[in-house]
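So you can see what is in the structure, the chains are spelled out below.
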Amino acid sequence: MYFTVTDLDAVFERAEALDCLSTELVHDAPAGAIAVRPWGERSFYIQDPWDNPLCFVEDGTVYPG
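Residues numbered from 1 in each chain as written. Predicted model: local features only at pLDDT ≥ 70, side-chain atom pairs only at ≥ 80, totals over all residues. Heavy atoms only, no water.

Caption draft 1: Just the state of the cysteines, in detail. All told, the structure shown has 0 disulfides when counted by the stated rule. Of the cysteine sulfurs around Cys20, a residue in no disulfide, the closest is that of Cys55, at 13 Å. The buried category is assigned to Cys20, whose relative accessible area is 16%. (Disulfide = S-S within 2.5 Å. Buried < 20%, exposed > 50% of the residue type's maximum accessible area, 1.4 Å probe, protein only.)

Caption draft 2: Up close: the side chain of Glu58. By the element assignment, Glu58 lies in strand E6 (residues 53–58). A polar atom in the side chain of Glu58 sits 2.9 Å from the side chain of Arg42. Setting aside residues no more than four positions away along its own chain, Glu58 makes contact with Val5, Leu8 and Arg42. (Helix = DSSP H or I, 4+ residues; strand = E, 2+ residues; numbered from the N terminus. Polar contact = N/O pair within 3.5 Å; in protein donor to acceptor, adjacent residues only side chain to side chain. Contact = heavy atoms within 4.5 Å.)

Okay, here's the thing in structure tokens:
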């Protein structure tokens, strides 16, 4: 599931404080770090309490395809 947010850095700081950042890789980059993905999105991933991956994407960088 993807969430579009206006302040990705603030959401990242909150996720980091909650210790829920993903430990997976996305296209050979850490999913739990803010990165510009190959398709242009600036995003990061977390794992929810049920181990589902969730992605937070900066508004204005969402891939429309």
